[in-house]
Amino acid sequence: AITQLRASFKDTDGGQFKDITVSLFRNSVTNAGANKMAEIESSGGGNVFRTLLDDTVDYPTVDNLNYTYYLEAYWSVGASALAIEFYNVQIFYTE
(Lines give C-alpha, C1' and ligand atoms only; values in the text may rest on other atoms or scores of the structure.)
Protein backbone atom coordinates (compact mmCIF):
# COMPACT_ATOMS: atom_id res chain seq x y z
CA ALA A 1 0.00 0.00 0.00
CA ILE A 2 1.18 3.51 -0.77
CA THR A 3 1.77 5.41 2.47
CA GLN A 4 3.24 8.75 1.43
CA LEU A 5 3.98 11.09 -1.47
CA ARG A 6 7.00 13.35 -1.00
CA ALA A 7 8.39 16.09 -3.29
CA SER A 8 11.53 18.21 -3.05
CA PHE A 9 12.08 21.59 -4.64
CA LYS A 10 13.62 25.01 -4.14
CA ASP A 11 11.22 27.95 -4.29
CA THR A 12 13.32 31.06 -4.91
CA ASP A 13 10.36 33.37 -5.46
CA GLY A 14 8.64 34.66 -2.34
CA GLY A 15 5.46 35.53 -4.22
CA GLN A 16 2.48 33.74 -2.73
CA PHE A 17 0.96 33.00 -6.15
CA LYS A 18 4.04 31.37 -7.68
CA ASP A 19 3.86 27.84 -6.39
CA ILE A 20 4.06 24.21 -7.49
CA THR A 21 1.55 21.36 -7.10
CA VAL A 22 2.49 17.68 -7.37
CA SER A 23 -0.26 15.05 -7.54
CA LEU A 24 -0.39 11.25 -7.73
CA PHE A 25 -3.25 9.70 -9.70
CA ARG A 26 -4.54 6.27 -10.58
CA ASN A 27 -6.45 5.62 -13.79
CA SER A 28 -8.69 2.62 -14.45
CA VAL A 29 -7.67 0.54 -17.47
CA THR A 30 -11.34 -0.18 -18.26
CA ASN A 31 -13.15 3.06 -17.37
CA ALA A 32 -12.51 6.69 -18.15
CA GLY A 33 -11.51 8.97 -15.33
CA ALA A 34 -8.74 9.20 -12.80
CA ASN A 35 -8.71 9.26 -9.01
CA LYS A 36 -6.43 11.68 -7.18
CA MET A 37 -4.54 9.70 -4.55
CA ALA A 38 -2.31 12.35 -2.95
CA GLU A 39 -1.31 15.96 -3.50
CA ILE A 40 1.39 18.37 -2.35
CA GLU A 41 1.14 22.14 -2.74
CA SER A 42 3.86 24.65 -1.98
CA SER A 43 3.21 28.15 -0.77
CA GLY A 44 5.45 31.12 -0.15
CA GLY A 45 9.14 31.02 -0.90
CA GLY A 46 12.21 32.04 0.99
CA ASN A 47 14.95 30.74 -1.31
CA VAL A 48 15.29 27.47 0.59
CA PHE A 49 15.31 23.80 -0.38
CA ARG A 50 12.11 22.18 0.89
CA THR A 51 10.59 18.73 1.06
CA LEU A 52 6.84 18.49 1.53
CA LEU A 53 4.75 15.36 2.00
CA ASP A 54 1.22 14.02 1.94
CA ASP A 55 0.64 10.94 4.08
CA THR A 56 -3.16 10.92 3.67
CA VAL A 57 -3.27 8.71 0.58
CA ASP A 58 -6.66 7.85 -0.92
CA TYR A 59 -6.95 4.46 -2.67
CA PRO A 60 -3.60 3.32 -1.21
CA THR A 61 -3.73 -0.31 -2.43
CA VAL A 62 -1.70 -0.80 -5.61
CA ASP A 63 -3.62 -2.80 -8.23
CA ASN A 64 -1.52 -3.02 -11.39
CA LEU A 65 -4.05 -5.27 -13.13
CA ASN A 66 -6.85 -2.71 -13.06
CA TYR A 67 -5.09 0.67 -12.76
CA THR A 68 -2.20 2.64 -14.17
CA TYR A 69 -0.49 5.28 -12.05
CA TYR A 70 0.99 8.65 -12.93
CA LEU A 71 2.34 11.86 -11.44
CA GLU A 72 1.45 15.38 -12.44
CA ALA A 73 3.49 18.45 -11.54
CA TYR A 74 2.47 21.95 -12.53
CA TRP A 75 3.48 25.47 -11.74
CA SER A 76 0.91 28.14 -10.90
CA VAL A 77 0.29 31.02 -13.28
CA GLY A 78 3.31 33.30 -13.30
CA ALA A 79 5.68 30.71 -11.86
CA SER A 80 8.58 29.39 -13.87
CA ALA A 81 11.31 26.79 -13.66
CA LEU A 82 13.63 29.66 -12.77
CA ALA A 83 11.57 30.55 -9.70
CA ILE A 84 10.80 26.99 -8.63
CA GLU A 85 13.47 24.33 -9.12
CA PHE A 86 11.81 20.92 -9.01
CA TYR A 87 14.15 18.15 -7.80
CA ASN A 88 12.35 14.87 -7.17
CA VAL A 89 9.31 12.89 -6.09
CA GLN A 90 9.36 9.86 -3.82
CA ILE A 91 6.52 7.39 -3.33
CA PHE A 92 6.70 5.39 -0.11
CA TYR A 93 4.87 2.10 0.26
CA THR A 94 4.59 -1.08 2.29
CA GLU A 95 4.23 -4.58 0.91
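Residues numbered from 1 in each chain as written. Predicted model: local features only at pLDDT ≥ 70, side-chain atom pairs only at ≥ 80, totals over all residues. Heavy atoms only, no water.

## Brief notes about the pairing of strand β3 (residues 34-41)
Piece 1. Across seven bridges, the pairing between strand β2 (residues 20-28) and β3 is antiparallel. Looking at β3, one finds that threonine 21 is bridged to glutamate 41.
Piece 2. Between β2 and β3, which pair antiparallel and follow one another directly, the connecting turn spans five residues, one of which, glycine 33, has a positive phi of 105 degrees. (Pairing = 2+ DSSP bridges. Helix = DSSP H or I, 4+ residues; strand = E, 2+ residues; numbered from the N terminus.)

## Section: the confidence of the model for the chain
Piece 1. For the chain, the average pLDDT comes to 86, and 84% of its residues sit at 70 or higher.
Piece 2. Least confident of the elements in the chain is strand β4 (residues 48-54), whose mean pLDDT is 89; most confident is β3, at 95. (pLDDT = per-residue confidence, 0-100.)

## Considering the sheet that holds β3
Piece 1. With antiparallel pairing, three strands are arranged side by side in an open sheet as β3-β2-β5. Looking at which strands have only one partner, the edges of the open sheet turn out to be β3 and β5 (67-75). Each strand axis lies, on average, 20 degrees off the axis of its neighbour in the sheet, ignoring direction.
Piece 2. Here β2 pairs with β5 via nine bridges, running antiparallel. Note on β5: the bridge partner recorded for serine 23 is glutamate 72. (Axes fitted to C-alpha atoms, helices over the stretch in contact; angles between N-to-C directions.)

## Quick word on the pattern of salt bridges
Piece 1. A complete count under the given rule lists one salt bridge for this structure.
Piece 2. Across the pair glutamate 39 and lysine 36 runs a salt bridge, and its minimum N-O distance is 2.9 Å.
Piece 3. Since its relative accessible area comes to 24%, glutamate 39 is described here as partly exposed.
Piece 4. The exposure class of lysine 36 is partly exposed, given its relative accessible area of 39%. (Salt bridge = Lys/Arg side-chain N within 4 Å of Asp/Glu carboxyl O. Buried < 20%, exposed > 50% of the residue type's maximum accessible area, 1.4 Å probe, protein only.)

## Description of the environment of asparagine 31
Piece 1. Structurally, asparagine 31 is set in the loop between β2 and β3.
Piece 2. Residues asparagine 31 and asparagine 66 lie 35 residues apart in sequence; the distance between their C-alpha atoms is 9.6 Å.

## Quick notes on the packing of aromatic side chains
Piece 1. All told, the structure shown has two aromatic pairs when counted by the stated rule.
Piece 2. Considering the side-chain rings of phenylalanine 25 and tyrosine 70, the 5.2 Å spacing of their centres and the 15 degrees angle between planes classify their relative orientation as stacked. Remark: tyrosine 70 occurs in strand β5 and phenylalanine 25 occurs in strand β2; sequence separation between them is 45 residues.
Piece 3. Overall, tyrosine 70 belongs to the partly exposed group, its relative accessible area being 33%. (Phe/Tyr/Trp six-rings, centres within 6.5 Å; stacked < 30°, edge-to-face > 60°.)

## Let's talk about the sheet that holds β4
Piece 1. One open sheet accounts for three strands, arranged β4-β1-β6; its pairing is antiparallel. Each edge of the open sheet is held by one strand with a lone partner, namely β4 and β6 (84-93). With strand direction ignored, the average angle separating the axes of adjacent strands in the sheet is 15 degrees.
Piece 2. Pairing of strand β1 (residues 2-11) with β4 involves seven bridges; the strand directions are antiparallel. Its bridge partner being in β4, alanine 7 is matched across the sheet by leucine 52.

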